[in-house]
Amino acid sequence: MARASRTFVCQACGAVSPRWAGRCESCGEWNTIVEEAPESAGVGGGPQKSLAGARAKGRKIELVAMSGETADPPRHVTGVNEFDRVTGGGLVPGSALLIGGDPGIGKSTLLLQVMAALARKGKSVVYISGEEAIAQVRMRARRLGLADADVQLGAETNLKDIIGTLENGQAPDAVVIDSIQTMWTDALESAPGTVAQVRASAQELVRFAKKRGSAVILVGHVTKEGQIAGPRVVEHMVDAVIYFEGERGHQFRILRAVKNRFGPANEIGVFEMGEMGLAEVPNPSALFLGERDGETSGSAVFAGIEGTRPVLVEIQALVAQSSLGTPRRAVVGWDGGRLSMILAVLEARCGLSLAGQDVYLNVAGGLRINEPAADLAVAAALVSSVSGMPLPADCVIFGEISLSGAVRPVNQMDARLKEAEKLGFARAILPASAARTRPSTALKFTEISDLAGLIAHLTAGGSKATGDRRAREV
């Protein structure tokens, strides 16, 4: 019998190499390659038997037409509306979810609240903790006022024992595994938390969910880059991947779906951290703008879209004279590379040079913006900070900026403007080409065709720029 070959696996990205190295060639991380024992061939498996099985003729599967109708999957509605929004309307039986976030951001708190809400609706739920003892989980439940909920608790890391317990009797409606990095199976000789153990444990739990119809929620650790630790193949195994975002200095927490087979992706739910846990925020726009000072320069209100929800946030910019040879470029809540692009366009197309000045950009409230529609609001905040002239407090801004300096249209303009009108805004600065699909709102529009027109409009005092061909009020 041939000797099993040794395998070296990177614990950061999951890349496999035939020999040890100090630096992973795939992801570039140092000291992350660890030797792991080869995985077993499975029950009754072996090289010869696997080869014989491959030669055997497979059974015929049934093929159906795409035009047929299929009923929507049933869901376990938790009653936590923001969580249900992100998952697409509730937990689907037989699905597997992966939730990641920074340590201490509130993953365990939220899932305990969700499981308690399900238990109070008559569902059978199980919460398995691999990081905390039963006494610690009970202490958190008493602090959150959830001690009376019928949630079955367990503290175990042996995957075989967990699966055996869950398969004994009727399968629960929902199961939480906190966390997947602490689980281990004796089929592998690797330590808990390694790539092989995480992959094997996730595969067994996903198989249990599909077989018994339980909704399984896996909690995952994140790396220093903010990605879920372990191999990316785990994200492909599960039906939904959800990230818990937010800064510890802010009371807001953002639950964002980046993958969802049973609902819209990139949907967000907003929570506020308080003494009684995480409270839902049904109108995040009003909360993000609640403490805004409209008389300060460098502040602009951006009307964005997160999933299917319009959200208004404040973008703050500060431009100051630099005392360093290389000026600072600090960004919180936005893409730093996109800020560099906006600064280059301002200098090349508009003659506004910020090469010798420090630039600080912040998205208030802890929300992270990913869409390019925020370009125009960022540029307006920068121009306002340089000129010292505050933008109108009742004005929202959105639009994408190209490298030529032109302002490009964005999608879902109607939803953005209706949200702004609902919150009491009276004016909007938007791309000029959007006039063809102008919605029926009471807002006063200023159409901008390029970045030079935006600067002319802002520095001319708003309505004085009506004669400029690049900024036209409607």
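Calculation notes
Residues numbered from 1 in each chain as written. Predicted model: local features only at pLDDT ≥ 70, side-chain atom pairs only at ≥ 80, totals over all residues. Heavy atoms only, no water. Helix = DSSP H or I, 4+ residues; strand = E, 2+ residues; numbered from the N terminus. Buried < 20%, exposed > 50% of the residue type's maximum accessible area, 1.4 Å probe, protein only. Contact = heavy atoms within 4.5 Å. Areas by Shrake-Rupley, 256 points an atom, 1.4 Å probe, with all protein chains shown as cover. Pairing = 2+ DSSP bridges. Axes fitted to C-alpha atoms, helices over the stretch in contact; angles between N-to-C directions. Parallel < 35°, antiparallel > 145°, perpendicular 65-115°, else oblique. Left-handed = near helix turned anticlockwise from the far one by under 90°. Nonpolar A, V, L, I, M, F, W, Y, C, P; charged D, E, K, R; others polar. Right-handed = clockwise from strand over helix to strand, strands pointing away. Phe/Tyr/Trp six-rings, centres within 6.5 Å; stacked < 30°, edge-to-face > 60°. Lys NZ or Arg CZ within 6 Å of the ring centre and 35° of its normal. Core = buried A, V, L, I, M, F, W, Y, C linked by side-chain atoms within 4.5 Å. pLDDT = per-residue confidence, 0-100.

## As for the overall build of the chain
Inference 1: If you tally the helices and strands in the chain, you get 12 helices and 22 strands.
Inference 2: The buried share among the 474 residues of the chain stands at 48%.
Inference 3: Taking the contacts inside the chain whose residues are at least 6 apart along the sequence as the reference set, 65% of them involve residues at least 24 apart.
Inference 4: Counting every atom, the chain has about 23100 Å² of accessible surface; 50% of that belongs to carbon and sulfur.

## Focus: the pairing of strand β10 (residues 252-260)
Inference 1: Buried residues dominate β10, accounting for 7 of its 9 residues.
Inference 2: Here strand β9 (residues 240-245) pairs with β10 via 6 bridges, running antiparallel. From the neighbouring strand, V241 faces β10, where its bridge partner is K259.
Inference 3: Bridging between β10 and strand β11 (residues 268-274) involves 5 bridges; their strand directions are antiparallel.

## What about the sheet that holds β10?
Inference 1: Within the open sheet, the 9 strands sit side by side as β6-β5-β7-β8-β4-β9-β10-β11-β12. Their pairing is mixed. The open sheet terminates on both sides in strands that have one partner only, identified here as β6 (151-155) and β12 (277-280). The mean angle between the axes of side-by-side strands here comes to 25°, regardless of whether they run parallel or antiparallel.
Inference 2: Relative to strand β5 (residues 125-129), helix α3 (residues 107-120) is tilted by about 160°, and along the sheet it contacts β4 (96-101), β5, β6, β7 (174-178), β8 (215-220), β9, β10, β11 and β12.

## Points about unusual backbone geometry
Inference 1: A cis amide bond links D178 with the next residue in sequence, S179, at an omega value of 10°.
Inference 2: Along the chain, S179 turns up in the loop between β7 and α6 (195-212).
Inference 3: With a phi close to 70°, N266 is a non-glycine residue in the positive phi region.
Inference 4: Position of N266 among the secondary structure elements: in the loop between β10 and β11.
Inference 5: In this model, Q412 sits at a positive phi of 50°, which is unusual for a non-glycine residue.
Inference 6: Relative to the helices and strands, Q412 resides in the loop between β19 (407-408) and α11 (413-422).

## Observations regarding the packing of helix α10 (residues 375-387) against helix α12 (residues 451-459)
Inference 1: Relative to each other, α10 and α12 sit at 45°, their axes nearing to 10 Å. The pairing of α10 with α12 is recorded here as oblique in orientation. Crossing angle aside, the handedness with which α10 passes α12 is right-handed. Across the interface between the two elements, L376, A379, A380 and V383 of α10 pack against L451, L454, I455 and L458 of α12.
Inference 2: Looking at the contact of α10 with α12 residue by residue, the class counts come to 8 nonpolar, no polar and no charged.

## What about the pairing of β6?
Inference 1: With 5 bridges connecting them, β5 and β6 associate as parallel partners. In the strand pairing of β6, V126 is matched with Q152.
Inference 2: Crossover connection from β5 via helix α4 (residues 134-144) to parallel β6: handedness right-handed.

## Let's talk about the packing of aromatic side chains
Aromatic ring pairs are described here by two measures, namely the spacing of the ring centres and the angle between the planes.
Inference 1: Going through the model one piece at a time under the given rule, you end up with 1 aromatic pair.
Inference 2: For the pair F252 and F288, a centre-to-centre distance of 5.2 Å together with 85° between the ring planes defines the contact as edge-to-face. Residue F252 is located in strand β10, and its partner F288 is located in helix α8 (residues 284-288); the two are separated by 36 residues in the primary sequence. Pair check on accessibility: F252 and F288 agree, each one buried.
Inference 3: If you follow R416 out to its NZ or CZ, it ends over the ring of F398, 5.6 Å from the centre.

## Looking at the nonpolar core
Inference 1: In terms of nonpolar packing, the biggest core is built from 62 residues, with F302, I315, W334, L382, I397 and L454 touching the most fellow members.
Inference 2: Element by element, the count of residues in this core is highest for α10, at 8 residues.
Inference 3: Excluding anything up to four places from it in sequence, I397 contacts A300, V301, F302, A303, L376, A377, A380, L391 and I429.
Inference 4: Membership of the second largest hydrophobic core comes to 36 residues, among which are L97, V114, A240 and F244.

## Some remarks on the confidence of the model for the chain
Inference 1: Per-chain confidence: the chain averages 86 in pLDDT, with 88% of residues scoring 70 or above.
Inference 2: Within the chain, the lowest mean pLDDT, 49, falls on helix α1 (residues 47-55), and the highest, 97, falls on β5.
Inference 3: Of the regions scoring below 50 in pLDDT, residues 41-51 engages in 2 contacts with residues more than four places distant in sequence or in other chains.
Inference 4: pLDDT under 50 marks residues 462-469. Its contacts with residues more than four places away, or in other chains, come to 12 contacts.

## Points about the environment of A344
Inference 1: Here A344 shows up in helix α9 (residues 336-350).
Inference 2: On the basis of relative accessible area, A344 is assigned to the partly exposed category, the value being 43%.
Inference 3: In this structure the C-alpha to C-alpha distance between A344 and G405, which are 61 residues apart in sequence, comes to 9.9 Å.

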